[in-house]
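# Report on the structure
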Amino acid sequence: MPSERLINDVYANIDLISSNVPSNMNFIKREVTILGSIPCFVLFISGIADKGIVEEIVIKPLMQKGSKINNQNIIDDLVKKCILASDLTVSDSIPEICYELLNGKCVVLVENIKSAVICNTASEKYRSIQESTTEKSVYGLRESFTENLNLNITMLQRKVKNPNLKVEKYMIGDKFKTEVALTYIDGIIDPLVLTNIKSRLAGLKAPAIITGGILEQFIDNRPYNLFPITKSTERPDKVVFDLLEGKAAIFISESSTALIAPATFFEFFQGFEDYSERTILANFSRLMRFIAILTVMILEPIYLVLLIYNPELFPYKLMSLIISSRQNIPLPPLLEILAMGVAIEILREGGLRLPNPIGTTLAIVGGIVIGESATRAGLVSYVTLFIVAITVICTFIIPSYQMALTIRFIRFPMLILGQMFGFYGLLVGFYFLLVHLTKMESFGIAYFSPIVPSRFTDLLDSFIRAPLKNILIEPKSLHPSRKSPK
Amino acid sequence: MFKNNNQITKNQYMFIVQNSMIGVGILSLASGVCKDAQQSGWISVLIGGIYPLYLTIAASIIYKNLYFNEFLEINRRIYGKFLSYIFVIFFLVNFILFETFVLSGFANVLVFSTVKFLSPLTVIILTIVLSYFTVNQGLTTVGRLAELMFYLTIFILIIPLYFINKGDTTNILPLFSSFNSILKAVPSTFFSYSGVEICFLVIPFVTDTKKVLSSGIIGSIFTIALYTITVLFTINYCGWRLTSKLHYPLLYLVSGAELSVLSNFEPLFLFLWGNKIFQTLAVGNFGMSYTMSQITKIPLQRCSLYLSLLVIFISTMLVPEYNRSNIIDKAMPVLVVIILIWTTITLFLSFFKRGAKVEKN
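Residues numbered from 1 in each chain as written. Chains lettered and ligands numbered in written order. Predicted model: local features only at pLDDT ≥ 70, side-chain atom pairs only at ≥ 80, totals over all residues. Heavy atoms only, no water.

## Some details on the overall build of chain A
Rules: A run of DSSP states H or I qualifies as a helix once it reaches four residues; a run of E qualifies as a strand once it reaches two. Both are numbered from the N-terminal end. To get the radius of gyration, use the C-alpha atoms; to get the globule rule, take the number of residues to the power 0.38 and multiply by 2.2 Å. Three exposure classes are used, based on accessible area relative to the maximum for each residue type with a 1.4 Å probe and protein chains only: buried under 20%, partly exposed in between, and exposed over 50%. Contacts are assigned to residue pairs with any non-hydrogen atoms lying within 4.5 Å of each other.
Counting its regular elements, chain A contains 16 helices and 12 strands. The C-alpha atoms of chain A give a radius of gyration of 29 Å, which is well past the 23 Å a tight globule of 486 residues would have. The principal-axis extent of the C-alpha atoms belonging to chain A is close to 100 × 55 × 45 Å. The buried share of chain A, taken over its 486 residues, is 53%. The long-range share in chain A, meaning contacts at least 24 apart out of those at least 6 apart in sequence, stands at 66%.

## Digging into the sheet that holds strand 6 (residues 165-172) of chain A
Residue and element names in this part refer to chain A. Short version of the rule: Only when DSSP finds a minimum of two bridges between them are two strands counted as paired. Simply put, an axis is a line fit to the C-alpha atoms, just over the touching stretch for a helix, and the angle between two N-to-C directions goes from 0 to 180 degrees.
Pairing is antiparallel in the open sheet, where 5 strands are placed in the order 6-7-9-10-8. Looking along the sheet, the strands with just one partner apiece sit at the ends: strand 6 and strand 8 (231-233). Pairs of neighbouring strands in the sheet enclose a mean axial angle of 25 degrees, with direction left out of account. By the bridge criterion, 4 bridges tie strand 9 (residues 248-252) to strand 10 (residues 258-261) in an arrangement that is antiparallel. Pairing of Ala-249 across the sheet is with Ile-260, part of strand 10.

## Some details on helix 15 (residues 423-439) of chain A
Short version of the rule: Here the expected length of a helix is defined as 1.5 Å per residue gap, with one fewer gap than residues.
For helix 15 of chain A, built from 17 residues, the straight-helix expectation of 24 Å at 1.5 Å per residue is met to within 8% by its first-to-last C-alpha distance of 25 Å. Of all 17 residues making up helix 15 of chain A, 16 are buried, and the element is well covered by its neighbours.

## Looking at the domain arrangement of chain A
Keep this limit in mind: What counts as a domain boundary in this text is fixed by an automatic or database domain assignment.
Domain annotation of chain A identifies domain 1 (10-120), domain 2 (130-263) and domain 3 (274-439). Measuring from the centre of the C-alpha atoms in domain 1 of chain A to the corresponding centre in domain 3 of chain A gives 62 Å.

## Looking at unusual backbone geometry
Residues other than glycine predominantly adopt negative phi, and peptide bonds predominantly adopt the trans conformation. A cis amide bond links A:Ser449 to the next residue, A:Pro450, at an omega of 10 degrees. The phi torsion at B:Tyr67 lies on the positive side, around 55 degrees, for a residue other than glycine. For B:Tyr67, the location among the structural elements is in the loop between helix 4 (50-65) and helix 5 (71-112). Phi at B:Phe68 takes a positive value of approximately 55 degrees, unusual for a residue other than glycine. Inspection of the secondary structure assignment puts B:Phe68 in the loop between helix 4 and helix 5.

## A short note on the pattern of salt bridges
Residues and elements named next belong to chain A. Note the following rule: When a carboxyl oxygen of Asp or Glu is within 4 Å of a side-chain nitrogen of Lys or Arg, the pair counts as a salt bridge.
With the rule as written, the count across this model stands at 30 salt bridges over all chains. A salt bridge links Glu-179 to Lys-169; the shortest N-O distance between them is 3.0 Å. Residue Glu-179 is found in strand 7 (residues 178-185), and its partner Lys-169 is found in strand 6; the two are separated by 10 residues along the sequence. Owing to a relative accessible area of 43%, Lys-169 belongs among the partly exposed residues under this scheme. Look at the salt bridges and you will find they share partners, linking Glu-300, Glu-345, Arg-348, Glu-349, Arg-408 and Arg-411 into a network.

## So, the interface of chain B and chain A
Put simply, the test is: Summed over both partners, the accessible area (1.4 Å probe) lost when two parts come together is defined as the buried area. N or O atoms closer than or at 3.5 Å make up a polar contact, with two conditions inside protein: a donor-capable atom paired with an acceptor-capable one, and, for residues adjacent in sequence, both atoms drawn from side chains. Each residue is assigned to one of three groups, with Ala, Val, Leu, Ile, Met, Phe, Trp, Tyr, Cys and Pro labelled nonpolar, Asp, Glu, Lys and Arg labelled charged, and all others, Gly among them, labelled polar.
Counting residues at the interface gives 43 residues for chain B, matched by 34 residues for chain A. For the pair chain B and chain A, the summed buried area comes to about 3400 Å², and 71% of that belongs to carbon and sulfur atoms. Summed over the shared surface of chain B and chain A, the result is 1 salt bridge. The shortest N-O distance in the salt bridge between A:Glu441 and B:Arg144 comes to 2.9 Å. Inspection of the chain B/chain A interface yields 10 residue pairs in polar contact (both at pLDDT 80 or more). At the level of secondary structure, the elements contributing two or more residues to the side of chain B that touches chain A comprise helix 1 (10-20), helix 5, helix 6 (120-135), helix 7 (139-161) and helix 14 (266-296) of chain B. Looking at the side of chain B that touches chain A residue by residue, the class counts come to 21 nonpolar, 19 polar and 3 charged.

## Some remarks on the pairing of strand 9 of chain A
Across a regular strand the side chains alternate sides, sitting on one face of the sheet and then on the other. Residue and element names in this part refer to chain A. With 5 of 5 residues buried, strand 9 lies mostly within the body of the structure. Taking every second residue as pointing to the same face, both faces of strand 9 are buried, with Ala-248, Ile-250 and Ile-252 on one and Ala-249 and Phe-251 on the other. Note: strand 7 against strand 9, 4 bridges, orientation antiparallel. The residue of strand 9 that forms the bridge with Thr-183 is Ala-249. Connecting the antiparallel pair strand 9 and strand 10 is a turn made up of 5 residues, with Glu-254 showing a positive phi of about 65 degrees.

## Describing the nonpolar core
Generally speaking, nonpolar side chains in soluble globular proteins are found buried as a group. To be explicit about the condition: The nonpolar core is taken to be a set of buried Ala, Val, Leu, Ile, Met, Phe, Trp, Tyr and Cys residues, with the residues joined through side-chain atoms within 4.5 Å.
Counting residues in hydrophobic clusters, the biggest one holds 187 residues, and the most contacted among them are A:Leu201, A:Leu215, A:Tyr424, B:Phe71 and B:Trp273. Formed jointly, this core draws a minimum of three residues from each of two domains, domain 2 (130-263) and domain 3 (274-439) of chain A. With residues up to four places along the chain from it excluded, the contact list for A:Leu215 reads A:Ile172, A:Val180, A:Leu201, A:Leu204, A:Ile209, A:Ile250, A:Ile252 and A:Leu259. Formed by 25 residues, the second largest nonpolar core is a distinct cluster that contains A:Ile59, A:Val108, A:Val110 and A:Ile113.

## Thoughts on the side chain of B:Thr56
Residue and element names in this part refer to chain B. For Thr-56, the position within the fold is in helix 4. For Thr-56, a relative accessible area of 0% puts it in the buried group. Apart from residues no more than four positions distant in its own chain, Thr-56 is found in contact with Tyr-13, Val-17, Val-196, Cys-199, Gly-216, Ile-217 and Ser-220.

## Observations concerning the packing of helix 3 (residues 41-48) of chain B against helix 11 (residues 212-238) of chain B
Residues and elements named next belong to chain B. Where we set the bar: Our angle categories are set so that under 35 degrees counts as roughly parallel, over 145 as roughly antiparallel, 65 to 115 as roughly perpendicular, and the remainder as oblique.
Look at helix 3 against helix 11: their axes get within 8 Å of each other, and the N-to-C directions meet at 170 degrees. Relative to helix 11, helix 3 is oriented roughly antiparallel. Of the residues in helix 11, those in contact with Gly-41, Trp-42, Val-45 and Leu-46 of helix 3 are Ile-224, Tyr-227, Thr-228, Val-231, Leu-232 and Ile-235. For the contact of helix 3 with helix 11, the per-class residue count stands at 8 nonpolar, 2 polar and no charged.

## Comments concerning the confidence of the model for chain B
Condition: Every residue is assigned a pLDDT by the predictor, reflecting its confidence on a scale from 0 to 100.
Averaged over all residues, the pLDDT of chain B equals 88, while 95% of them reach at least 70. Across the interface, the model reports ipTM at 0.91; the global pTM reads 0.87.

## Remarks on a nonpolar patch on the surface
Quick note on the threshold: Each patch is built from residues lacking any salt bridge and having more than 30% relative accessible area; the joining distance is 9 Å for like charges and 5 Å for nonpolar side chains (Val, Leu, Ile, Met, Phe, Trp, Tyr). Computed with the Shrake-Rupley method and a 1.4 Å probe, the accessible areas treat only the protein chains shown as cover for residues.
Together, A:Phe284, A:Leu287, A:Met288, A:Ile291 and A:Ile397 make up an exposed nonpolar region whose accessible area comes to about 440 Å². What makes A:Ile397 partly exposed here is its relative accessible area of 34%.

## Brief notes about the sheet that holds strand 2 (residues 38-45) of chain A
Residue and element names in this part refer to chain A. Ordered in space as 1-2-4-5-3, the 5 strands form an open sheet in which the pairing is antiparallel. Of all strands in the sheet, those with a lone pairing partner are strand 1 (27-34) and strand 3 (88-91), marking the two edges. Strand-to-strand twist of the sheet, defined as the mean angle between neighbouring strand axes without regard to direction, takes the value 20 degrees. Where strand 2 lies against strand 4 (residues 106-110), 4 bridges are found, and the strand directions are antiparallel. Residue pairing across strands places Cys-40 opposite Val-110, the latter belonging to strand 4. Across the sheet, helix 2 (residues 51-65) is in contact with strand 1, strand 2, strand 4 and strand 5 (116-119); its angle to strand 2 comes to roughly 170 degrees.

## Here we look at the UniProt feature "transmembrane region" (unreviewed entry) in chain A
All names here are of chain A. To keep things clear, this is the line we draw: UniProt positions are given in the numbering used here, feature names are shortened, and annotations may be inferred rather than shown by experiment.
Mapped onto this structure's residue numbering, the UniProt feature "transmembrane region" (unreviewed entry) falls at residues 287-309, 377-398 and 410-434. For the annotated span residues 287-309, helix accounts for 96% and strand for 0% of the residues, and the straight-line distance between the end C-alpha atoms is 31 Å. Between the C-alpha atoms that bound residues 377-398 the distance is 33 Å, and the span itself is 64% helix and 0% strand.

## Details of the environment of A:Phe290
All names here are of chain A. When you line up the elements, Phe-290 lands in helix 9 (residues 279-308). A residue is classified by how much of its surface remains accessible, and Phe-290, at 15% relative accessible area, is buried. Considering only alpha carbons, one finds Phe-290 and Leu-109, 181 residues apart in sequence, at a separation of 63 Å. In this structure, Phe-290 is in contact with Phe-266, Phe-269, Ser-462 and Phe-463, ignoring residues within four places of it in sequence.

## Thoughts on the side chain of B:Asn275
By secondary structure assignment, the location of B:Asn275 is in helix 14. Sequence-distant contacts of B:Asn275, that is, excluding residues within four places in its chain, are made with A:Leu427, A:Phe430, A:Tyr431, A:Leu434, B:Met149 and B:Leu152.

Here is the structure:
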């Protein structure tokens, strides 16, 4: 079994390290002679480590001061008198050295020395801080997270000037390790919630964690669960707000989104602007959003059920209008609605993949052309088109993309249930959803809180948004250890 | 494997009590009481409310005297091993009957009103699947749902309020007809109030047992008020003669208004009421599964599964409505009398058996 520790032979050490890192052309082993004849090697992976920094703070000082260091205490002198890096460590562990090389650090090895100096020379060449394209805000900050984990945490630390802001790092992944940082404010987050999150992260078994979405799916024990149990965001201001409420934020190295845990159902329908707008306007926006959600889930199924099973429930005038619009339509109502619904989903998906201007054009032109031609050809009635269009427009009002996808999907099973069992099918679907949501928990917090279990003070920031002085407090439903709701 | 969680809060207990009674009875209650008490039927409903109030008060006192042990344990403490099993089996039978009465009634109403094209068996099977799905993780989910469904109850209350000015107050005058006829109509309210017996099973799972008494009383009062108001408005709108001749007077009432996008309130009412029925059935399902689990020591989920199959079988035999009405008319008075006797004796004996503290299971 190969040694896990460095030995005296510097060439053997390099071989050991080389066998544990990708020995590509960018793995640099620069030899420098110190004290006249002692071979010394500087190892780094070009690109991940910044070559300029390595040359400036490691190689240059070694060349200039290498002859002046004390032969008896080489490593100590390298650290204290020679290398200019501010962030360095000494280690003899080969796995640690290999891991740090992959993180962009450089390693200094000396002949006949069983330790290595590891200096932080990681390249900071990442995308610069930009405005989020997926989470636009009128009043919010104009910055979003980048792929640089340290920068993301720095952005957070700049905003939360609180000595209790904690950052804990985890290495997750079987095939390759990914650095994951858990941040929270000690004293605000509930200990039970924190323990729950930590134990999930510590016990996570996954081949690799590349994005927040992948991490979330590995954290959730139910792979077929439709509803997200964490919120993902690119916005630092959102994370700060959630940390202050008593939540934790999980950052993943090389990913520009943070996962906020725990998350409850109603949070996904609260826009960040709600807190910047005046109370009445914010409430109006929320009301619109909840109407939109109900519309997405049940408008099409109700229309279908009334059309095929209970036309007597339409008032007379509305019924005559629908009858006149449906004359000579060959498709059954379900197919009609499904065809239009699927066409719009395809257009939406296509619009996402294409470059921005083309995507928008595709969505607008495609929508108008398909809708117009379908009605003119007599395949779809105007009323059906109107119902489908209203439903699709309502999906755009849901602030969370994760939840919007879920809500949009739910209308399809509801349509099938409506087709099979009529009004009773809708009842079954709705109740099933309620049971599922009340059973769900996110890191020990009831997913349907603060409605169930009822926390009346927290209700002030759920369907409604009370004046800020009443709601900018730590929600009781996020603190199960203070009082034990079930 | 399913994870069982049975703990509920005092509010959830209140909502379970409140919700357990709202079943098919709410639709036909006015008809039953108007046959005897005529325009004073609503007073019979109010008086009938003594039944749930008595049961919830007695249950909280019994459990307080016996240190909130589980149902089988308190029976064992008072009646000994043999009789305790007999009583638990009686409650099991009571909840099986309750479940089948509500389920078959629900199927009958739906097939009678909005889903005429469906067979009652389809409704029965799908509904019992939902009931099983609700119960299979224990009482906590049932409690949470009861809390959620309480908000729907408020809407159920709002719909009859729409008819407050639409009726004729002479329909409810004179307020008192004859005291004898009012009392004679009281037993017909018991079916509407049945289900409240669940309080005897769930009290040990309440986290804050100090408030059990007040929670039970508030839950009962809410349902009594809901029943009284709906019956009063129905009589006010339809008059007692028509009310007593209708199968489901409340459905008739809610179908009497035209809205802009729907021809009447019936689908909206059925939607709200249907959700309440699912919840009531879940409470009943927990009641029967829990009692069976106590006797047989089989896990709650499996008991729920076996009993659900049994309930499907019995419920199909209670369709159509006259089958169900006949059996309810015969079974309900017997069940209510036995429960009242058991409650009174247990309440009395619990004061004598309170001596030594029994360890909570």
